[in-house]
Amino acid sequence: MSVIKKFWDDVTSLWSLIVGLKVTGKNFVDKNVTLHYPRETVTSGQLEGFRGPLELIGKPKAPAKPKCIACMMCVTACPSKCITVVKAKAPKPTEAELQAMKEAEERGEKVKKPKAPKEPVKFFYDFSLCSLCGSCVENCPAKALRYSSNVYLTVTDRKELKMDLLARLGAQAEASIAEKEAQKAAESPKNIEAETTEKQAGTES
Amino acid sequence: MAQIPVELVKLLIALVAIAAFVGLNGLVLVYLERKVAGFVQRRPGPYEVGPQGLLQPLADAVKLIGKQLFTPSGSDKLLFWMAPILSFMPVLLLFLPIPFGPVATGMEMDLGLLLILAFAGLNVLAICLAGWGSNNKWGILGAARAVAQSVAYEIPLLLSVLAIAFMTGSLNLTTVVEGQGGWPWQWNVFLQPLAFIIYFISALGETNRAPFDLPEAESELTAGFHTEYSGMGFGMFFLAEYANMIVVCSVAAALFLGGWQGPFFDGAWWFLAKVYTLLLVMIWLRWTYPRVRFDQLLNINWKWLMPLALLNLFITAFVMKL
């Protein structure tokens, strides 16, 4: 019985061969997913799942400030030790505040010492060591890290791969503000005409 | 001036035409193979050399010819260089009895099918010599592997072809083609579907095509019999493989798919269309299936193809006798 069953199993599993042909056949007629690089460049829609060098995510209301809470989870999780975070220190109390604290202590009250803000002052990232494993992104409790979509990263010196992510975030925020302003300017009625002619020229070429 | 026999002139023209056809087909198939591979993997394939990469196979050929011919030390020089020639030369002969069109047959002969099967076997000898002459243990192990495969797959191939010969009562390919009609349901493939499937699988094994490409897996299995061949030495094996592919597909088209007969009008175009469709299927299979293990390869042959081919032959003989 088992021999017949095995025989029948082998025969029915031939169907999987057809399934395989279907898969490659479908791919054969599908559109290319690659680009002819120097002639075409990657658009943001084609970058889904792409892992570029890390970057910080800004706060929604203050895009120049990172969501990072300097908890060091990314630093601990990183197997390549490529992230360096320096926590912000508590601000030094002024003379008057020190005096007030002293007085309060003498009165037997609970003293409120200034706390360190939960943010990094330095966030360095060495892309030359990073293996893009994503442990930092997964472990970040504040969801402050993501992969950038920097496809065309080229450098001539390894040192250039040591990135200051805070500076990068600041630059990005500035750029986005400038872009928004440009958009606003373009949307104003004066410029609509100019823009449409520009578009027409683009489609004609 | 002595009279030159017409047959001889015709043979000479046929051989020259076949050599040109084989050379051209090598280029076309290399291009086709790479384009299909590209499209299956959703990339464009060769693209830069010439429009749509059309000149890529030519560039490959020039590179292959330009390479140094290297003979390994301690090897048998004569055998070593005889092997690629022996692998390529008989292939031209295989094209002679193939009926490309109603009149476009190199040499009409009653034992055409037998000639093809007999001379196709020479390839095994060439592989054997190549492995032995290389003075290289991977070479000889690869040759042993290739010979075991070729010998094994020859048997079901013969048996499935024999079933057709039983049916038509002839080994002449032209007669077999004429025995079928133009429309698909008049083709032998509908009377002998099992024979066709067995023939096609065995043909894949015979021509060392994926998923049975164990003799030539250069990156994974140290290539085997052609490890030591450089430049055109390897190129000859390569060309012979592509020529062999056309031969097996041509025989399949003639035996099973009605040859040059087609709906509405007959002609060599139908034949070439059928051959190229089969070649395309072969390439498609290559980029779909993973390579089989060697024991699997032999098991498929001895446990499945052989008994099925024998069964098919017996049934055919029984029905024909009735």
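Residues numbered from 1 in each chain as written. Chains lettered and ligands numbered in written order. Predicted model: local features only at pLDDT ≥ 70, side-chain atom pairs only at ≥ 80, totals over all residues. Heavy atoms only, no water.

Draft legend 1. Examining the sheet that holds strand β3 (residues 120–126) of chain A more closely. All names here are of chain A. The sheet built from three strands is open, its strands ordered β2-β3-β5 with antiparallel pairing. Strands at the two margins of the open sheet, each flanked by one partner only, are β2 (83–87) and β5 (162–164). When the angles between neighbouring strand axes are averaged without regard to direction, this sheet yields 15°. Pairing of β2 with β3, which is carried by five bridges, proceeds in the antiparallel orientation. Looking at β3, one finds that Ile 83 is bridged to Tyr 125. (Pairing = 2+ DSSP bridges. Helix = DSSP H or I, 4+ residues; strand = E, 2+ residues; numbered from the N terminus. Axes fitted to C-alpha atoms, helices over the stretch in contact; angles between N-to-C directions.)

Draft legend 2. Looking closely at the nonpolar core. By size, the foremost hydrophobic cluster in this structure holds 69 residues, and its most contacted members are Phe95(B), Tyr199(B), Leu255(B), Phe256(B), Phe271(B), Leu279(B) and Met282(B). Here the element with the most residues in this core is helix α10 (residues 231–256) of chain B; it accounts for 14 residues. Listed in part, the 22 residues of the second largest apolar core include Ala70(A), Phe123(A), Leu145(A) and Leu166(A). (Core = buried A, V, L, I, M, F, W, Y, C linked by side-chain atoms within 4.5 Å. Buried < 20%, exposed > 50% of the residue type's maximum accessible area, 1.4 Å probe, protein only.)

Draft legend 3. Structural context of the interface of chain B and chain A. Each side of the interface is counted separately: chain B has 14 residues, and chain A has 18 residues. For the pair chain B and chain A, the two sides together bury roughly 1500 Å², of which 64% comes from carbon and sulfur. Taken together, chain B and chain A are joined by two salt bridges. Residue Arg42(B) is joined to Asp30(A) by a salt bridge in which the shortest nitrogen-to-oxygen separation is 3.9 Å. In this assembly, chain B and chain A are joined by eight residue pairs in polar contact (both at pLDDT 80 or more). For the side of chain B that touches chain A, the secondary-structure elements that each account for two or more residues are α1 (6–40) and α11 (268–286) of chain B. Per-element accounting of the side of chain B that touches chain A gives the leading share, three residues, to α1(B). Grouping the amino acids of the side of chain B that touches chain A by side-chain chemistry returns 10 nonpolar, one polar and three charged. (Contact = heavy atoms within 4.5 Å. Buried area = accessible area lost by both parts, 1.4 Å probe. Salt bridge = Lys/Arg side-chain N within 4 Å of Asp/Glu carboxyl O. Polar contact = N/O pair within 3.5 Å; in protein donor to acceptor, adjacent residues only side chain to side chain. Nonpolar A, V, L, I, M, F, W, Y, C, P; charged D, E, K, R; others polar.)

Draft legend 4. Main features of the packing of aromatic side chains. All names here are of chain B. Tallied over the entire structure, the rule returns 20 aromatic pairs over all chains. Ring geometry for Phe 21 against Phe 95: centres 6.0 Å apart, planes inclined by 80°, an arrangement best described as edge-to-face. Placement of Phe 21 in helix α1 and of Phe 95 in the loop between α3 (77–94) and α4 (112–120) is noted, with a sequence separation of 74 residues between them. For Phe 21, a relative accessible area of 22% corresponds to the partly exposed category. Given a relative accessible area of 0%, Phe 95 falls into the buried group. Ring geometry for Phe 196 against Phe 256: centres 5.3 Å apart, planes inclined by 65°, an arrangement best described as edge-to-face. Taken together, the residues span a long stretch of sequence, with Phe 196 in helix α9 (residues 193–206) and Phe 256 in helix α10 at a distance of 60 residues. For the pair Phe 196 and Phe 256, a shared accessibility class is recorded, and that class is buried. Every member of this aromatic cluster is reached through a ring pair, and the members are Phe 80, Trp 81, Phe 225, Tyr 229 and Phe 237. (Phe/Tyr/Trp six-rings, centres within 6.5 Å; stacked < 30°, edge-to-face > 60°.)

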